[in-house]
Amino acid sequence: MEWWKSATIYQVYPRSFADSDGDGIGDLRGIIDRVDYFATLGIDAVWLSPIYASPQDDNGYDISDYLAIEPTFGTLDDFDELVAVFHAAGIRIVMDLVVNHTSDEHAWFRESRSSLDNPKRDWYVWRPARPGTTAGEPGAEPNNWPSHFFGPSWALDELTGEYYLHLFSRKQPDLNWENHQVREEVYSMMRWWLDRGVDGFRMDVVNFLSKPEGYPDGVLAPGALFGDGFAHYASGPRIHEYLREMHDEVFASREGAFVTVGEMPAATIEQARLYTDPARRELDMIFQFEHVELDHPDGKFDYIPLDLVALKASLARWQVGLADVGWNSLYWNNHDQPRAVSRFGDAEEHRVQSAKCLATVLHLMRGTPYIYQGEELGMTNAGFTAIEQYRDIETLNYWRGAEQTSELLAAFAVASRDNARTPMHWTPGENAGFTTGEPWIGVPSNHVEINAQTELADPHSVLHHYRRLIALRHSEPVIVEGDFELLYPDDPRLFAYRRTLGDTVLVVVSNWSRDEVPLPAELRHPGVEPLIANDSTAGATTLGAWEARAYLLG
Ligand code: TEU
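Residues numbered from 1 in each chain as written. Predicted model: local features only at pLDDT ≥ 70, side-chain atom pairs only at ≥ 80, totals over all residues. Heavy atoms only, no water.

Trainee: Even after reading the chapter, I still don't get the side chain of serine 354, so can you show me in this structure?
Mentor: Within the secondary structure, serine 354 is located in helix H11 (residues 351-363). The class of serine 354 is buried, set by a relative accessible area of 0%. Polar contacts involving the side chain of serine 354 include one to the main-chain carbonyl oxygen of histidine 350, which spans 2.8 Å. With residues near it in sequence (within four places) discarded, serine 354 still touches Val341, Gly345, Asp346 and Trp546. (Helix = DSSP H or I, 4+ residues; strand = E, 2+ residues; numbered from the N terminus. Buried < 20%, exposed > 50% of the residue type's maximum accessible area, 1.4 Å probe, protein only. Polar contact = N/O pair within 3.5 Å; in protein donor to acceptor, adjacent residues only side chain to side chain. Contact = heavy atoms within 4.5 Å.)

As structure tokens, this is what we get:
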């Protein structure tokens, strides 16, 4: 069986992980120095968010040189050492691959923008103003797609009078994947990293690579400024062809056991089955977004209370939908999402208990679980109250274009990506032990309580609960391979499911509320010691607040 089916993958956001040289920004040496921490947790692989040379407009998701390490993070020698040290500890290294776009400071884009007939002109997406308009005037953009970071997705380049496409910031021009030289260059770059020893790639917005010919307008909802671009570029016309080609060009002829995971906003189960069907040789798994979008149907910063019934239904659909073909990734958190314990759990009254509950429910499902740095400590949202505390381009762009109210600041405190990007808490000491300098972004004061040093010493910590879950995935085949069945789908507080492999049954029960809730009779297992549980605060017939237990039967 593929190694990643029983693996847990840990995401490191290098800027915020560990700073070894006191400049206030995390670096590769900081990661190398923590290898024992990963070994203690027992994780199988580390996914590094981008460490390539970058102007850091989007914290490294804007790459100016794919074959160089960002100097703030270190050198290629540091990188080689990191790979060697982690491999020696039995931990694989997964690189972030950002090839929907580059930085506008990448040499390719500098050439491309330099003239209409530059050989690299076609490497990016250039279009004249919309017919009948004058370049530069409002509405002259070649189509009506919005940028993910707000405003139009086209920027006018004065030099040639044409617009270039940028689905993200204007410093992130989209590559033109129709151009075969672009594709070959990307594949060759991927081979170069595999030759250096990396074990796979997490592919940024990889379902956005193929855009339709003609770049048609998206449908305009009543009153909307921009059209629906997603409908055109998410899983566009040639995407499966590109991924298959990438597989053939990069992985097919190579010895080794690599992992590929495609980040895919808006992907459906039907699409995921195509992307991850091993017979199609595209990707091993994808990051889907359905379960992290249920709580803000009306916009990025407009959160509503969690609907547990809807969350369960969504996750269960994906469990069942990818049971016979393909494979799931499992996550609550990453560098773009608010902290899970603040969002889905109860960070105020039951932080430790609810963090363990969320972990138990996710890690005992079928798929490959991902842990985002600090999640294993039960780290919370940042608690920022002033705009000056934010660094994220998405948050700051939105602020610039919006009415700047205290309500909006409160919304950022719930939803901003910076909630996930505050420094990792290592110690109760100054700056949480992240840096001896001035951290690039603020450190929440609750690091005094929530930190790796304290939690390593406490067998009841969130950290040790994660460590046990990671170990269970290695030792219990039912967690890896068992069928999944959701129980009590309509119960608004109980999240329960059953996994079955042959005669082995794993029953997971959990209470997503502050109330003590009755446990249905069929879910009680008197006399059976739970395989794993958080603190039991109730009797055999009930579950206490945020209590979670898993029973191995048969
Ligand atoms: O994110 C993809 C993406 O769709 C984002 O718009 C995401 O949904 C949003 O940040 C949620 O608020 C990836 C990376 O993970 C993100 O950090 C990058 O900013 C983005 O691509 C561009 O590379």
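Alright, that's what it looks like, and here's the rest.
Trainee: Looking at this structure, how should I read the nonpolar core?
Mentor: Generally speaking, nonpolar side chains in soluble globular proteins are found buried as a group. Residues Tyr10, Phe38, Leu48, Phe79, Met190, Phe201 and Trp512 are the most contacted members of the largest nonpolar core, which totals 149 residues. For this core, the element with the most residues is helix H5 (residues 180-195), which contributes seven residues. Counting 17 residues, the second largest nonpolar core, distinct from the first, contains Trp145, Phe149, Leu156 and Tyr233. (Core = buried A, V, L, I, M, F, W, Y, C linked by side-chain atoms within 4.5 Å.)

Trainee: Explain the sheet that holds strand S16 (residues 504-511) to me, please; I cannot follow it from the model alone.
Mentor: The strands making up a sheet associate through backbone hydrogen bonding, with each pair oriented either parallel or antiparallel. Ordered by their spatial adjacency, five strands build an open sheet running S14-S15-S16-S20-S18, and the pairing between neighbours is antiparallel. The open sheet has two free edges, formed respectively by strand S14 (483-487) and strand S18 (532-533), since each of these has just one partner strand. Where S14 meets strand S15 (residues 494-501), five bridges bridge the pair, whose relative direction is antiparallel. Among the inter-strand pairings, leucine 486 is bridged to a residue of S15, identified as tyrosine 497. (Pairing = 2+ DSSP bridges.)

Trainee: What's the story with the site of the ligand in this structure? I'm lost.
Mentor: Lining the immediate surroundings of the ligand are 19 residues, of which Asp58, Asp204, Lys300, Asp336 and Arg417 lie closest. Contacts to the ligand include lysine 300, whose side-chain N or O atom sits 2.4 Å from an oxygen atom. Here an oxygen atom of the ligand and a side-chain polar atom of aspartate 336 are 2.5 Å apart. Relative to its unbound accessible surface of 490 Å², the ligand loses 94% to contact with the protein. Grouping the amino acids of the shell around the ligand by side-chain chemistry returns six nonpolar, four polar and nine charged. (Near = heavy atom within 4 Å. Areas by Shrake-Rupley, 256 points an atom, 1.4 Å probe, with all protein chains shown as cover. Nonpolar A, V, L, I, M, F, W, Y, C, P; charged D, E, K, R; others polar.)

Trainee: Is there a simple way to explain the sheet that holds strand S2 (residues 45-48) in this structure?
Mentor: What the eight strands build is an open sheet, ordered S11-S10-S9-S5-S2-S1-S13-S12; its pairing is parallel. Both outer strands of the open sheet, strand S11 (285-287) and strand S12 (329-330), are each paired with one neighbouring strand and no more. Note that strand S5 (residues 92-97) and strand S9 (residues 200-203) share three bridges and pair parallel. Across the sheet, the residue bridging to aspartate 96 is arginine 202, located in S9.

Trainee: Looking at this structure, how should I read the pairing of strand S10 (residues 259-263)?
Mentor: Looking along a regular strand, one sees the side chains alternate between the two faces of the sheet. With respect to burial, S10 is a largely interior element, five of its five residues being buried. Residues Val259, Val261 and Glu263 line one face of S10 and the alternating positions Thr260 and Gly262 line the opposite face, and both faces are buried. Where S9 lies against S10, four bridges are found, and the strand directions are parallel. Bridge assignment links glycine 200 to a residue of S10, and that residue is valine 259. Relative to S11, S10 runs parallel, the two being bridged by three bridges. Residue glycine 262 lies in a different strand from S11, and its bridge partner there is isoleucine 286. Handedness of the crossover joining S10 and S11 through helix H8 (residues 269-276) is recorded here as right-handed. (Right-handed = clockwise from strand over helix to strand, strands pointing away.)

Trainee: Which parts of the structure should I look at to understand unusual backbone geometry?
Mentor: One non-glycine residue, valine 205, adopts positive backbone phi at about 30°. Accessibility expressed as a relative area gives 4% for valine 205, which makes it buried.

Trainee: Looking at this structure, I do not really get H5. What am I missing?
Mentor: Given 3.6 residues to a turn, an α-helix orients residues that are three or four positions apart in the same direction. Taking 1.5 Å of rise per residue, the 16 residues of H5 would be expected to cover 22 Å, and the 22 Å separating its terminal C-alpha atoms lies within 8% of that figure. For H5, the set of buried residues is Val182, Arg183, Val186, Tyr187, Met189, Met190, Trp193 and Leu194. End-on, the buried residues of H5 take up no more than an arc of 160°, which puts them together on one face. Residues of H5 that are buried sit in contact with strand S3 (52-53), strand S4 (65-69), helix H3 (76-88), S5, S9 and helix H7 (239-251). Of the residues flanking the end of H5, it is glycine 197, one or two places downstream, whose phi is positive at about 110°. (Expected span 1.5 Å × (residues − 1). Arc of directions from axis to C-beta.)

Trainee: Hey, could you run me through the pairing of S16 in this one?
Mentor: Of all eight residues making up S16, seven are buried, and the element is well covered by its neighbours. Bridge count for S15 against S16 is eight bridges, and the pairing is antiparallel. The residue of S16 that forms the bridge with leucine 501 is threonine 504. Taking the residues that link successive antiparallel strands as the turn, the S15-S16 hairpin has two residues, and the phi of glycine 502 there is positive, at about 60°. Summarising the sheet, S16 and strand S20 (residues 548-553) pair through six bridges and their orientation is antiparallel.

Trainee: Sorry, what's going on with the side chain of aspartate 58 here?
Mentor: Secondary-structure assignment places aspartate 58 in the loop between S3 and S4. The class for aspartate 58 is buried, based on a relative accessible area of 7%. Within polar-contact distance, the side chain of aspartate 58 engages the side chain of arginine 417 at 3.0 Å.

Shape is all these values report; function is a separate question.
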